[in-house]
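Close look at the chain arrangement
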Amino acid sequence: MRLIYLFVFVLFCNTVFAQNWYKGNLHTHSLWSDGDDYPEMIMDWYKANGYNFVGLSDHNTFQEGEKWVNVPRVPERRRTFERYLRTFGPDWVKYKAGPNDSLKVRLKNLPEYRSYFDEAGKFLIIKSEEVSTSYDSKPIHINMTNVQNLIRPQRGNSVAEVMQNNIDLVVAQRRQTGQPMFPHINHPNFYYAVTAQDLMQLKFERFFEVFNGHPLVNNYGDEKREGTEAMWDKINAHFLQQGRPLMYGLATDDSHNYQFFGLEYSNTGRGWVMVNAPNLTPRALIESLEAGQFYATSGVELENLTQTPESFSFRVKAEVGVNYTIQLIGLKKGKEKAEIFREIKGTVASYTLGEEDLMVRAKIISTKPKYNPFSAGDVETAWVQPIAKLQVPPIKPNVTPLPNAHAHNDYEQSRPLWDALDQGFTSVEADVYLINDTLFVSHERPSFNNSAHTLENLYLKPLAERIRQNNNQVYAGYKGPFYLMIDFKTEAESTYKALEKLLQNYSSILTSYKGNSPKAGAVTLFISGNRPIETLKKSKERLASFDGRPADLGKKLSAQLMPVVSDNYANHLTWRGKDEMSAEQFQKLSELVKKVHAEGKKLRLWACPEDPAVWKKLREAGADFLSTDQLELVKEFLLAKP
């Protein structure tokens, strides 16, 4: 398979900022589910032991509402309560003593206790949930980090389908709320419920636990079944072939037990992540995690870690009397299985991807025995996230181009651009921010500059390669336009100046204009958001047009300058797809379509209800684009026979 440019779905910053390392555990339990201590006592331990953030992720619940727990008359449970009362005092702890020495304690809600611990720049509690479900008696657990609304566990007809059904809910919630959040697959080898093949099928999943501190999770596999590290490399080899972002590996405590310690208990301090983020906020942490700007560890820490699209380098924070072995593990062209590229005895390592390398990651193994280990004989270890050369996925055969399909916020799909092309979409949308003369694709202003997410790397280079493969067309044999809509989130003129400069490198694939005389290219680009309208109107030669608004109609703007007219669905219609659309609403829609078409332009209404009933009425009225996040559903709708 032919390789495209060197860029990876890992980090790097085009402008260097200081390394700010934050220590965190994303998988923790309390008495709100099956942990054996109070939330405040657990947070107190993590904060006192140098952690900066914790996701308290109880099973299928938030720490919300009125909940009282019985304190059994067994010495260890009473001692737990007494420690809680002694630490926080009777004004804080609410309890009821009853007959026969019975005792009940009210559990504090997250909003009640988080202000006691949260400290700007030092400690943060992240609202989380462990969605726990199953398939065919196999336990399936997925953590949802920074989720805002409780997710009810979903079922399905296979292990992969169960996981996907739950992942889809957090993806939908992220889109609806605008809050950063992500799912991660917990302990796949817990009762050997989840295989690498199951994980390979998932969309929108970027994380799994390569190390989990619970005694029953079989991190290392057995004589018949593979461990999580082998799964990790196998998954990423598959993802590379698909042109997908890499799967990253987390280390977590999965702590449940806070009173007894040993191999048979699930204790604190066994595994965590170190995240290099610009600040200690959910958005900055999650963006950094999604960029691979972190490492997982059971004890080994790094003095520094620098990653670029082609390389990484790091230095271990060495301890006196401890030796370190660094394994550089990766995948070569033409190979199906990962191998150790190099083994270094020491504390410094670097690697640059060579011509034959597809992927590389690092594992640092110390000689220091792990205190209270997951498994007898464990030594402190760390895992640096993989970097890779992204492969252009094979062209999907028999794709039917869909002239009426627009991928809204396409960059939020599991595989930006590629998913849209596999479904036959002929219009995709990318929001951009101009930062230090570079255009970055993001829904919100990014907290740091991830070079994997530039407009060039996410869209222009991949499109150029696909067009080269298809004899100068996005879809072989398709003669209609393919639209790339760029939504400017930063000031119009400066953003356009940067875009105009960038587009010169891709003029061979773009529709160009001399005045209003077009020369058709494989891609027609138009600008939305903060539009440089006057500049485009005055340009004698240009490679972009702009996205119109209904208020722009009747101003003698040509279809070559303003090929599309867009607006919010709610500005025109209140019907959400329930019952029948009123004649008045349909007439209003039809009149808007007629006005747009009378000027030779196409109509796109965004933020439409994702409902086939609504899509049907839009198409009946003649609206040109169905703007959607649900690519497969719109494809099925448009290809369905009347």
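Residues numbered from 1 in each chain as written. Predicted model: local features only at pLDDT ≥ 70, side-chain atom pairs only at ≥ 80, totals over all residues. Heavy atoms only, no water.

Turning our eyes to something else, we now look at the sheet that holds strand E27 (residues 541-542). On the basis of which strands lie adjacent, the open sheet formed by three strands has the order E25-E24-E27 and antiparallel pairing. Because the sheet does not close on itself, it has two edges, and the strands there are strand E25 (517-519) and E27. Pairing between strand E24 (residues 512-514) and E25: three bridges, direction antiparallel. Bridge assignment links Ser512 to a residue of E25, and that residue is Lys519. (Pairing = 2+ DSSP bridges. Helix = DSSP H or I, 4+ residues; strand = E, 2+ residues; numbered from the N terminus.)

Our next topic: helix H10 (residues 492-503). Between its terminal C-alpha atoms H10 stretches 16 Å, which fits the 16 Å expected from 12 residues at 1.5 Å a residue. Within the span of H10, buried status applies to Ala492, Thr495, Tyr496, Ala498, Leu499, Leu502 and Leu503. Across the axial projection of H10, the buried residues extend over an arc of 160 degrees, all falling on one side. Opposite the buried face of H10, at more than 90 degrees from it, the exposed residues are Lys497 and Lys501. For H10, the N-terminal cap is Glu491; the gap from its side-chain oxygen to the backbone nitrogen of Glu493 is 3.1 Å. (Expected span 1.5 Å × (residues − 1). Buried < 20%, exposed > 50% of the residue type's maximum accessible area, 1.4 Å probe, protein only. Arc of directions from axis to C-beta. Polar contact = N/O pair within 3.5 Å; in protein donor to acceptor, adjacent residues only side chain to side chain.)

For Lys556, which is not glycine, the phi dihedral falls at a positive 60 degrees. As for its placement among the helices and strands, Lys556 is situated in the loop between strand E28 (545-548) and strand E29 (564-568). Phi at Ala607 is positive, roughly 60 degrees, even though this residue is not glycine. Relative to the assigned elements, Ala607 resides in the loop between strand E30 (602-606) and helix H13 (612-621).

Bringing the layout of surface pockets into the picture now. Approximately 550 Å³ is the volume attributed to the second largest pocket. Forming the walls of the second largest pocket are 24 residues, and the residues nearest its centre are Lys203, Phe204, Gln413, Asp419 and Glu632. At the level of elements, helix H4 (159-177), helix H8 (418-423) and helix H14 (631-639) are the ones that each hand at least two residues to the lining of the second largest pocket. Here the lining of the second largest pocket is built from residues that sort into seven nonpolar, six polar and 11 charged. (1 Å grid on protein atoms, 1.4 Å probe; cavity = no way out; pocket = protein on both sides within 12 Å on 5 of 7 lines; lining within 4 Å. Points joined across faces, edges and corners; volume = space filled by probe spheres on them. Nonpolar A, V, L, I, M, F, W, Y, C, P; charged D, E, K, R; others polar.)

Averaged over every residue, the pLDDT of the protein is 95; the share at 70 or more is 97%. When the criterion is pLDDT under 50, residues 1-17 qualifies, and its contacts beyond four places in sequence or with other chains add up to 85 contacts. (pLDDT = per-residue confidence, 0-100. Contact = heavy atoms within 4.5 Å.)

Ranked by size, the top nonpolar core spans 69 residues in total, and within it Leu455, Tyr459, Val474, Leu484, Val523 and Leu618 carry the most contacts. The dominant element in this core, judged by the number of residues it contributes, is helix H9 (residues 455-469), at six residues. When sequence neighbours within four positions are dropped, the list of residues in contact with Val474 reads Leu421, Leu463, Arg466, Ile467, Phe482, Ala522 and Val523. (Core = buried A, V, L, I, M, F, W, Y, C linked by side-chain atoms within 4.5 Å.)

Right, let's get into the sheet that holds strand E14 (residues 311-316). Spatial ordering of the open sheet is given by E13-E14-E17, a layout of three strands whose pairing is antiparallel. The sheet is open, and its two borders are formed by strand E13 (302-307) and strand E17 (348-352), each paired with just one other strand. Averaged over all neighbouring strand pairs, the angle between strand axes comes to 5 degrees, with direction disregarded. With five bridges connecting them, E13 and E14 associate as antiparallel partners. Each residue of the ladder has a partner; that of Thr306, found in E14, is Ser313. (Axes fitted to C-alpha atoms, helices over the stretch in contact; angles between N-to-C directions.)

A few words now on the environment of Asn20. Secondary-structure assignment places Asn20 in the segment before strand E1 (21-28). Asn20 sits 258 residues away from Pro278 along the chain, and the two C-alpha atoms are 6.2 Å apart. Residues within four places of Asn20 in sequence aside, it is in contact with Val275, Asn276, Ala277 and Pro278. Reaching out from Asn20, the side chain makes a polar contact with the backbone oxygen of Pro278 at a distance of 3.5 Å.

What follows concerns the pairing of strand E10 (residues 248-252). Among the five residues that make up E10, five are buried, leaving the element largely enclosed by the rest of the structure. Where burial is concerned, the two faces of E10 agree: the one with Tyr248, Leu250 and Thr252 and the one with Gly249 and Ala251 are both buried. Here five bridges tie strand E9 (residues 207-212) to E10, and the two strands are oriented parallel to one another. In the strand pairing of E10, Phe211 is matched with Ala251. You can see the chain leave E9, run along helix H6 (residues 228-242) and come back into E10, and the turn it takes is right-handed. (Right-handed = clockwise from strand over helix to strand, strands pointing away.)

Time to look at the side chain of Arg531. Relative to the helices and strands, Arg531 resides in the loop between strand E26 (524-529) and helix H11 (533-538). Within the structure, Arg531 has its side chain in polar contact with the backbone oxygen of Asp547 (distance 2.6 Å). The residues touching Arg531, leaving out its near neighbours within four places in the chain, are Ala492, Phe546, Asp547, Gly548, Arg549 and Asp552.

This brings us to the pattern of salt bridges. One pass over the full model with this rule turns up 34 salt bridges. Between Arg531 and Asp552 there is a salt bridge; the shortest N-O distance is 2.9 Å. With a gap of 21 residues between them, Arg531 in the loop between E26 and H11 and Asp552 in the loop between E28 and E29 connect regions that are remote in the sequence. The exposure classification of Arg531 matches that of Asp552, with both residues buried. Residue Arg604 pairs with Asp547 through a salt bridge whose shortest N-O separation is 3.6 Å. (Salt bridge = Lys/Arg side-chain N within 4 Å of Asp/Glu carboxyl O.)

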